[in-house]
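# Analysis of the macromolecular model
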Amino acid sequence: MQETTFLILTALAGGSRHGYGIIIDVEEISTGRVRLRAGTLYTALDRLQSDGLVEPDREEIVDNRLRRYYRLTATGARRLAEEAERLRSNAHAATSRLDLNGGVAAT
Amino acid sequence: MNGTLERRYRRLLHLYPKAFRREHEEEILAVLMASAAKAQTRPRLVETFNLLIHALLWRARHTSIPNPSRGGVMNFKWADENAAGIDKRIPAFEYRHPRLFCVLLTCTGAWFVILTAILYGYGVGGWWGAVLMPAAAVTLFFAYRLRVIAGKS
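These lines cover the structure that appears in this document, whether it is placed above or below. Throughout, a residue's number is its position along its own chain's written sequence, starting from 1. Labels are handed out in written order, letters beginning with A for the chains and numbers beginning with 1 for the ligands. Whole-chain, interface and lining totals are the exception, using all residues; otherwise, since this is a predicted model, local features are given only for residues with pLDDT of at least 70 and side-chain atom pairs are given and counted only at 80 or more. Calculation of side-chain values draws on the structure's entire complement of heavy atoms; hydrogens and water are dropped beforehand.

A few words on the overall build of chain A. A count of helices and strands for chain A gives four helices and three strands. What counts as a helix is a DSSP run of H or I of at least four residues, what counts as a strand is a run of E of at least two, and both are numbered from the N terminus. Counting from the amino terminus, chain A carries its helices and strands in the arrangement α-β-α-α-β-β-α. The rule is simple: take the accessible area with a 1.4 Å probe, protein chains only, and divide by the maximum for that residue type; under 20% is buried, over 50% is exposed, in between is partly exposed. The proportion of buried residues among the 107 residues of chain A is 35%. Working rule for contacts: check all heavy atoms of both residues, and any pair within 4.5 Å makes them a contact. Across chain A, every contact between residues at least 6 apart in sequence was considered, and the portion connecting residues at least 24 apart equals 44%. When the accessible surface of chain A is split by element, carbon and sulfur atoms take 49% of a total near 6200 Å². The method behind every accessible area is Shrake-Rupley, applied with a 1.4 Å probe, and residues are considered shielded solely by the protein chains displayed.

Spelled out as structure tokens, the structure:
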């Protein structure tokens, strides 16, 4: 799973979000490292909808602007949980080996 | 001032096919306007490239080109017929004018390559190569695909 996909699904795991809300949330989750552009976001959302991982939730008009909210589907939540578990397992393996070597790679 | 920026963004969104705009134009425009700085009147260069590349990707994802093995019959159809608001009868604009777009895309791709060479030649390329070279690759790839169609039509 690409990092962008993971971050979008993580943002939606906190509840339904509209496009700009997802961008802000992704930036916050990645501690400012990832700033999604509108084109990137909608290409990703289109692919995630086709894969059945996210779906439109509701629409609102705020300041004469359309806000369409997206939410995670059950399949999306399951895929995100699997990916989070995979990353956790990899991170655990890396940190435990670094601890064994005192944080210095053997030469 | 915001009206000017909005009008320019709307013009940029014409890079996307009609089906996409019918479904997402207002929504994506809201995101673009919310992301813009207060005094901004022109779309940022990086935003423009991002929209250009993703519009091409969207077209590639949702449009299938004629299969030459089907006796050369022009058979346009949308790849994902379940996508909301997609008119299955109308192929993307560039597939209806393959010769014109083949030339346009080849020139655009060549210009991206030349621009990259100029920027690096003057030592001001920086990260632009990472944007311009994929853009050149995508446009030249589309030009190649359209050349196949142009040869059949």
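On to the overall build of chain B. Counting its secondary structure elements, chain B contains six helices and two strands. Order of helices (α) and strands (β) in chain B, N terminus to C terminus: α-α-α-β-β-α-α-α. Scored against the burial criterion, the 153 residues of chain B give a buried share of 42%. The contacts of chain B with a sequence gap of at least 6 include a subset with a gap of at least 24, amounting to 63%. By element, 63% of the accessible surface of chain B is carried by carbon and sulfur atoms, the whole surface being about 8500 Å².

Attention shifts here to the side chain of threonine 43 of chain A. Residue and element names in this part refer to chain A. Relative to the helices and strands, threonine 43 is located in helix α3 (residues 38-50). Classification of threonine 43 by relative accessible area gives buried; the value is 14%. Any pair of N or O atoms that falls within 3.5 Å is considered a polar contact. Within protein, one atom must be able to donate a hydrogen and the other to accept it, and sequence-neighbouring residues count only if both atoms are side-chain atoms. At 2.9 Å, the side chain of threonine 43 forms a polar contact with the backbone oxygen of glycine 39.

In this section: the nonpolar core. In globular proteins that are soluble, nonpolar side chains generally tend to be buried together. The definition of a nonpolar core used throughout is a set of buried Ala, Val, Leu, Ile, Met, Phe, Trp, Tyr and Cys residues joined through side-chain atoms within 4.5 Å. Ranked by internal contacts, the top residues of the largest apolar core, which has 37 residues, are Ile8, Ile22, Val26, Leu41, Tyr42 and Leu45 of chain A. Those elements that place two or more of their residues in this core are α1 (3-13), α2 (19-29), α3 and β3 (65-72) of chain A together with α1 (2-13), α2 (18-35) and α3 (45-62) of chain B. Ignoring anything within four residues of it in the chain, the contact list for leucine 45 of chain A reads Ile8, Ile22, Val54 and Tyr70 of chain A. Grouped together as the second largest cluster of nonpolar side chains are nine residues, Tyr95, Cys102, Phe142 and Ile149 of chain B included.

With that settled, the discussion passes to the interface of chain B and chain A. On the side of chain A, 17 residues touch chain B, which itself brings 24 residues to the contact. Accessible area that two parts lose when put together, with a 1.4 Å probe and added across both, is what the buried area reports. For the chain B face of the interface with chain A, the top three residues by lost area are Glu27, Val31 and Arg61 of chain B, together amounting to 30%. When a carboxyl oxygen of Asp or Glu lies within 4 Å of a side-chain nitrogen of Lys or Arg, that pair is called a salt bridge. The interface formed by chain B and chain A includes four salt bridges. With a closest N to O distance of 3.6 Å, glutamate 47 of chain B and arginine 37 of chain A form a salt bridge. Where chain B packs against chain A, one counts eleven residue pairs in polar contact (both at pLDDT 80 or more).

Looking now at the sheet that holds strand β2 (residues 54-62) of chain A. All names here are of chain A. Two strands qualify as a pair provided DSSP detects at least 2 bridges between them. Overall, antiparallel pairing links the three strands, which are arranged β1-β3-β2 in an open sheet. Unpaired on one side and paired on the other, β1 (17-18) and β2 mark the two borders of the sheet. Strand direction decides the pairing type here: β2 and β3, joined by seven bridges, are antiparallel. Across the sheet, the residue bridging to proline 56 is tyrosine 70, located in β3. Across the face of the sheet, α1 comes into contact with β1, β2 and β3 while running at roughly 95 degrees to β3. An axis is simply a line fitted to the C-alpha atoms; with a helix, the fit covers only the stretch in contact. Between two such axes, the angle follows the N-to-C directions and lies from 0 to 180 degrees.

What follows deals with α3 of chain B. Owing to its 3.6 residues per turn, the α-helix brings residues three or four apart onto one side. A helix is expected to span 1.5 Å multiplied by its residue count minus one. Helix length check: α3 of chain B, at 18 residues, gives a terminal C-alpha distance of 26 Å against a target of 26 Å (1.5 Å per residue), a fit within 8%. Inspection of α3 of chain B places Glu47, Phe49, Asn50, Leu51, Ile53, His54, Ala55, Leu56, Trp58, Arg59 and His62 of chain B among the buried residues, and these make up the whole buried set.

What follows deals with the pairing of β3 of chain A. Looking along a regular strand, one sees side chains alternate from face to face of the sheet. Residue and element names in this part refer to chain A. Relative to β3, β1 runs antiparallel, the two sharing two bridges. Looking at the pairing, arginine 17 lines up with tyrosine 70 of β3. Counting the residues in the hairpin turn of β2 and β3 gives two residues, including aspartate 63, whose phi is positive at 55 degrees.

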